[in-house]
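Observations on the model geometry
The chain contents come next:
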Amino acid sequence: MPVGVQAPEASPGRYRRRRDEDDDDGGGGGGCDDVLGVDVVDNGADPFDIPAKRASVERLRRWRQAALVLNASRRFRYTLDLKKEEEKEQIRRKIRAHAQVIRVKGLANLLKTNSEKGIHGDEADLACRANAFGANRYPRKKGRSFLGIKEGWYDGASIAFAVFLVIFVTAVSDYKQSQQFQHLNEEKQNIQVEVIRGGRRFQVSIFDIVAGDVVALKIGDQVPADGVLISGHSLAIDESSMTGESKIVTAVGLNTEWGLLMASISEDNNEETPLQVRLNGVATFIGIVGLSVAAMVLVVLVARYFTGHTTNPDGSPQFVKGQTSVKSTIFGTIKILTIAVTIVVVAVPEGLPLAVTLTLAYSMQKMMADKALVRRLSACETMGSATTICSDKTGTLTLNQMTVVRSVVGGIKLKSPADIENLSHVVTSLVREGIAQNTSGSVFEPELHMKFVEEKSKSSIIHVSPFNSEKKRGGVAVIVGDSDIHVHWKGAAEIVLALCTNWLDVDGKIHEMTPDKVDEFKNYIEEMAEESLRCVAFAFRNLDLVDVPNEDERVNWELPDNDLTFIGIVGMKDPCRPGVRDAVELCINAGVKVRMVTGDNLQTARAIALECGILTDSQASAPVIIEGKVFRAYSDVEREAVAEKIAVMGRSSPSDKLLLVKALKKKGNVVAVTGDGTNDAPALHEADIGLAMGIQGTEVAKESSDIIILDDNFASVVKVVRWGRSVYANIQKFIQFQLTVNVAALIINVVAAISSGNVPLNAVQLLWVNLIMDTLGALALATEPPTDQLMKRPPVGRREPLVTNIMWRNLFIQAVFQVAVLLTLNFRGQDLLHLTQDTLDHANKVFNEFNSRKPEELNIFDGVSRNHLFLAVVSITVVLQMMKEQLHLCDCASPSSQNDEL
C-alpha cells in the first residue's frame, strides 16, 4: 500500500506490460542451438526460452510440458507451484472483497497516544502494547525442515549406506538453500518506517510498529499497518494490493486486513529463472539423445539375444531356439530392457537445472555481504549480461551529504553561507520562513543557524505542492497573522529563476527583473555549477486572502507559480563517493557503459561526470552530454539513434529515464537502472535489471526493483555485475563437467552393451553416480567465488550458447581420454593391472572436476587453495570412494563389479 501524490504514479503494477519481453530479446527462436551451439530444427517458438521478468503462467506451463523428466519431484522442487499460485489469487480476491476501512472517533485517547508526539516509546510501553495488541508480524511459509525433505530418495536402492549418502548430501544442500532463501526473504520484508515517539522521529523496523504509534508517511512509503489518517496534504494511496488508509496505528499483525491476507498466502520463494529453464531444455535435449541411443541398444541387444549371439560367462549362448525355457527367455528380455532403461537414466542429467538454484542461493548469500539484496533470482543471471548501467548521481555516485558552500541572497554574494549581517530583517524573515515551512523530513535543530520550531510556529501551512521531479520544484502556501498569505517556492535554480518577474535586494525592496539581472543570476548559477555544486533557488509571492480557495475547494488548488519574487541561490557540495572512479573504470574495462542520469543542470552534471570518470572530455557536447527535454523532443527513431552515444543526461525527469531505457533496449542493450524515487518505478520496471537504493529509496521504488543496493553505493552495483557473471561462469563449469561424464557414459555403455550384452552399471552404482555427478559435482563447481578475470571479459549475451567452442574442445578431449582409458580397462583391465575399474574411474572424475574449474585457462589449479569448499568436496568424494571400496558395498562377486562405474 504505497503512499503517493497520485495513485497511478505510486503503483508499480500499473506499469505492467501487456506482452512478454521476448520481443525485446530478439524472439524465442533458437531452442537447443542457442544453448549447445548446434543446429536443431525449430518448428515453433522455443518453450525453454522465457523472459527474465514477468513470465506469463502459460509460458511457465509450456516449458514444464516440453521437458523430459524422469524424477519430477527432484527436477521441479525449486520451481513455482502454478497450482498454488492460482489458489493464492483466489484467496486474495476473497479477502479484498471483505476488506473495510476503520475510522474511530477518540481513537487517540483509547490507544493512549498523542497525535503530535506519538506514544511514550519506552521499553515498558512498547512491551505492554505488544502484549495487548500483538506484534506487527504474520505467519510466514516455513522453510524445508532437514528431516522432512524427501526429494533425495531414489528408487531401486539396494544398499542402505549408498542410499543414506544420497539422501544426506541432498538433504543438507536443500536445507541450506531453503534457509538462505528464507533469510533473504525476511531481509526483503524488513522495511524501515518513520514513527514519532516522545515528540521525536525514529526509524524503526516495520515489525516493531505497535498499536498507538504515529507514523510519518512520505511519498512512496508503504503503509505499515491498519490505522486512521491524522493529517496530510495531497494524500493519495495506491490500494491495488489492499484496501485501507492510515495513520494512527489501530491494529498490527494478524489483526490487520493485510495480515489476514498474508497469513493465507505466505510468500513462496520458488521462482524459475531463464537460465534454469534453458538448462531444462539442455537436459531434455540430452535425454532425447539418450532415449535414441537406448532404443538403438535395445534393438541390437534383442536381435543379439534371439539370434544366439549373447553368451554366458562360459561361452554358451543364452538363447537357443526350441531349448531355452519361457522363464529364462522372459528374464533375459527383462535384463535387456533394464540395460536400455539404465542408459536412459545415465543420460538424462536430472541435476543440471538444480545447479542453477545452488549457485544462485550461494551467490545471493554472498551478495548480501556485498550490500545487495536480491528480490528476483533472475536478476542475478541477467546482471552478468548487462551492457549498460544508467545511474543516478545523488547518493549513488555521490555521498548525498550536501553542504551549503556558496550563497547569493538579495542580489549579493555572502561571505559565508550563514553570513546574514548585511541582510535586512525582511529578507532574513522570508528566508527563514521559506526554509522552515518548505522543508520535509526530520531536522536536527542544533546544526541550524535558526530556531526551526520557533520559526514554524510564526506561520501556518494552508496548502502544499510537494516537490515533483517533473517540475523540479516544490511550493507551500502559509498564512502569517490573520490575513497575510505567502507562497514560497524552491527548486532547480534556473527553473525557479525563469518564473520570477521581480527580485528582492538586501534591504528588502522589490525590483523588476531586467534581462541584465537575469544574466547576472545565471552567471552565479553557472559559476556554482562549474564547481560541481547543486544550485537551489528560493522565491516567493504575496497573495490576498480572497485569492485562496476555502478549505473544501483547496484540495485541487494549484499554487500560483507566476510573477514570483526572486530571493536567492544556494550552492551545495555533494562529494563523489570514495572509490567510485575505480568502479566506473572497472565497468568500462568489462565492456559495461556507465551513463549518468541526473536532475542537475548540465554544468553540474558535467563536473561530476568528469570527477567520476564517466566523461573523459571536458569539452564534450551533444549527444554525449544532453538535456532531458532535448532527448524527450526527439522522435522514437531519433532517440534510438543517439541513445548509445549518451554518457550524461542532465535536467532529466523520470519519464526521460524511461525513454532512454526503452531506446537502449531496442538497440539490443541489456540495461541496468538505478532509482530511488516513486517516479523512478516505471524505469525500474522496464529495465532488464532494476536497482533500487536501500537507504534513500522509497518503498514503491524497491517494490519495482529486482535488486536493492543496501548502501546506495555505485561500487556495490559493480559487485552485483561481478556476481552475475560468476553465476553464468559457474553454470558453464558444471555443464562441462556433466556433459563430459554423460558423453563418456553413453559411449562406454553402448559399446559394452553391444559387444558383451551387458552394461557396466548396476542399481547401486547408479546411485553412486547420482551422488558424485549431480550433488557433489554441483556443490564443488557451482560455488566458485568470482575472480578478477571475469571483469576483463565483455558481457555475455543472453542468447549466446551455454556451451562455448572452448568448452566443446575441453569436453571432446576429456571424453576421448576417459572413453579410451575406460574401454581398455573394461575389456583388459584385469589382465593389465589386476584391478577393478572403480578406483581408476573415480580418479578420472576427480580430475574432470579440476579440469572444469577453468574452462578457458591452461592452469586449472590457479586459486584452488583459496576455495576451501571445492577442496572439501573433492576430499569428501575421495574419502567416500575409498570407504566404498574398503567396505565392499558393491557385490564383488558379480561380473559388473569389475566394470566401469561412471
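Residues numbered from 1 in each chain as written. Predicted model: local features only at pLDDT ≥ 70, side-chain atom pairs only at ≥ 80, totals over all residues. Heavy atoms only, no water.

Attention shifts here to the side chain of R639. Its place among the elements puts R639 in helix α21 (residues 636-643). Taking relative accessible area as the criterion, R639 reaches 9% and is therefore assigned buried. Here R632 takes part through its backbone oxygen, which lies 3.2 Å from a polar atom of the side chain of R639. A polar side-chain atom of R639 sits 2.4 Å from a polar atom in the side chain of D636. Ignoring any residue separated from it by four or fewer positions in sequence, one finds R639 in contact with F631, R632, Y634, L659 and A663. (Helix = DSSP H or I, 4+ residues; strand = E, 2+ residues; numbered from the N terminus. Buried < 20%, exposed > 50% of the residue type's maximum accessible area, 1.4 Å probe, protein only. Polar contact = N/O pair within 3.5 Å; in protein donor to acceptor, adjacent residues only side chain to side chain. Contact = heavy atoms within 4.5 Å.)

Okay, the pattern of salt bridges next. Counted by the stated rule, this structure contains 22 salt bridges. Residue D600 pairs with K393 through a salt bridge whose shortest N-O separation is 2.9 Å. Pair noted here: D600 is in the loop between β19 (593-597) and α19 (602-612) and K393 is in the loop between β9 (388-391) and β10 (403-409), with a separation of 207 residues, a long-range link. The exposure class of D600 is buried, given its relative accessible area of 4%. For K393, a relative accessible area of 3% translates into the label buried. Here R406 makes a salt bridge to E531, at a shortest N to O gap of 3.2 Å. Of this pair, R406 sits in strand β10 while E531 sits in the loop between α17 (515-530) and β17 (533-543), and the two are 125 residues apart along the sequence. Taking the relative accessible area as the measure of exposure, R406 reaches 40% and is therefore partly exposed. (Salt bridge = Lys/Arg side-chain N within 4 Å of Asp/Glu carboxyl O.)

Of all the positions in α21, only R639, V642 and A643 are classed as buried. For α21, the buried positions fall inside an angular range of 105 degrees around the axis, keeping them on one side. Buried residues in α21 make contact with β19, α20 (628-633) and α22 (654-666). (Arc of directions from axis to C-beta.)

Per the UniProt record, the feature "transmembrane region" (unreviewed entry) sits at residues 282-306 and 336-362. Within residues 282-306, the helical portion is 100% and the strand portion 0%, while the C-alpha atoms at the span's ends are 36 Å from each other. (UniProt positions renumbered as here; feature names shortened; annotations may be inferred.)

Before going further, it helps to spend a moment on the packing of helix α18 (residues 580-589) against α19. Two elements in contact, α18 and α19, have axes separated by 8 Å at closest approach and are oriented at 75 degrees. Overall, the two elements α18 and α19 adopt an arrangement that is roughly perpendicular. Contacts from V580, R581 and V584 of α18 reach α19 at L610, E611 and C612. Among the residues forming the contact of α18 with α19, the class breakdown is four nonpolar, no polar and two charged. (Axes fitted to C-alpha atoms, helices over the stretch in contact; angles between N-to-C directions. Parallel < 35°, antiparallel > 145°, perpendicular 65-115°, else oblique. Nonpolar A, V, L, I, M, F, W, Y, C, P; charged D, E, K, R; others polar.)

Here the focus is the packing of aromatic side chains. Counted by the stated rule, this structure contains nine aromatic pairs. Both rings, one in F521 and one in F566, keep their centres 4.6 Å apart while their planes meet at 45 degrees; by these two values the pair is tilted. You can see F521 sitting in helix α17 and its partner F566 sitting in strand β18 (residues 564-573), a full 45 residues away along the chain. The same class applies to F521 as to F566, namely buried. (Phe/Tyr/Trp six-rings, centres within 6.5 Å; stacked < 30°, edge-to-face > 60°.)

The contact between helix α10 (residues 274-306) and helix α11 (residues 326-347) brings their axes to 8 Å, and the two run at 160 degrees. Taken as axis vectors, α10 and α11 run roughly antiparallel relative to one another. You can see that α10 and α11 cross each other, and the crossing is right-handed. Residues I286, G290, L291, V293, A294, V297, L298, L301, V302, Y305 and F306 of α10 pack against S328, T329, G332, T333, I336, L337, I339, A340, I343, V344 and A347 of α11. In the contact of α10 with α11, the residues fall into 17 nonpolar, five polar and no charged. (Left-handed = near helix turned anticlockwise from the far one by under 90°.)

Here the amide bond leading from A622 into P623 is cis, since omega sits at 5 degrees, within 30 degrees of zero. For K472, which is not glycine, the phi torsion reads 60 degrees and is therefore positive. Along the polypeptide, K472 turns up in the loop between β12 (459-468) and β13 (473-480). Residue D563 is not a glycine yet carries a positive backbone phi of 55 degrees. With respect to the helices and strands, D563 occurs in the loop between β17 and β18. Using a relative accessible area of 44% as the deciding quantity, one classes D563 as partly exposed.

Turning our attention to the sheet that holds strand β8 (residues 372-374). Strands sit in the order β8-β24-β23-β22-β9-β19-β21-β20 across an open sheet of eight strands; the sheet is mixed. Two strands bound the open sheet, and with one partner strand each, they are β8 and β20 (625-627). When the angles between neighbouring strand axes are averaged without regard to direction, this sheet yields 20 degrees. Bridging between β8 and strand β24 (residues 707-709) involves three bridges; their strand directions are antiparallel. The residue of β24 that forms the bridge with L373 is I708. (Pairing = 2+ DSSP bridges.)

What follows concerns the environment of V751. For V751, the position within the fold is in helix α25 (residues 714-756). What makes V751 partly exposed here is its relative accessible area of 32%. In this structure, the C-alpha to C-alpha distance between V751 and V297, residues 454 residues apart in sequence, is 9.3 Å.

Next up on the list: the environment of L298. Looking at where L298 falls in the secondary structure, it is placed in helix α10. Excluding anything up to four places from it in sequence, L298 contacts I336, L337 and A340.

On to the pairing of β17. Buried residues dominate β17, accounting for eight of its 11 residues. Looking at chain direction, strand β14 (residues 484-492) and β17 are connected through eight bridges and run antiparallel. Looking at the pairing, G491 lines up with A537 of β17. As paired strands, β17 and β18 are joined by eight bridges and run antiparallel to one another. Paired with L533 across the two strands is K573, which belongs to β18.

Moving on, we come to the environment of A216. If you trace the backbone, A216 turns up in strand β4 (residues 214-216). Apart from residues no more than four positions distant in its own chain, A216 is found in contact with E194, R201 and D221.

So, about helix α14 (residues 425-437). Here α14 is 13 residues long and its end C-alpha atoms lie 18 Å apart, about the 18 Å a rise of 1.5 Å per residue gives. By the burial criterion, the buried members of α14 are V427, T428, L430, E433, G434, A436 and Q437. (Expected span 1.5 Å × (residues − 1).)

Moving on, we get to the nonpolar core. A general trend in soluble globular proteins is that nonpolar side chains are found buried together. With 75 residues, the main nonpolar core has I614, V648, I689, I707, F714 and I735 as its most contacted residues. When residues of this core are assigned to their parent elements, the largest contribution, 14 residues, is made by α25. Both domains that furnish three or more residues to this core are identified here as domain 2 (274-364 + 722-888) and domain 3 (375-399 + 577-712). If sequence neighbours within four positions are ignored, V648 has contacts with M596, A605, A609, I614, L615, V624, I625 and I626. Grouped together as the second largest cluster of nonpolar side chains are 29 residues, W503, V548, L564 and I569 included. (Core = buried A, V, L, I, M, F, W, Y, C linked by side-chain atoms within 4.5 Å. Domains from an automatic or database assignment.)

Here we take up the side chain of T604. Residue placement: T604 occurs in helix α19. Setting aside anything within four residues of it in sequence, one finds T604 in contact with A529, S532, L533 and R534.

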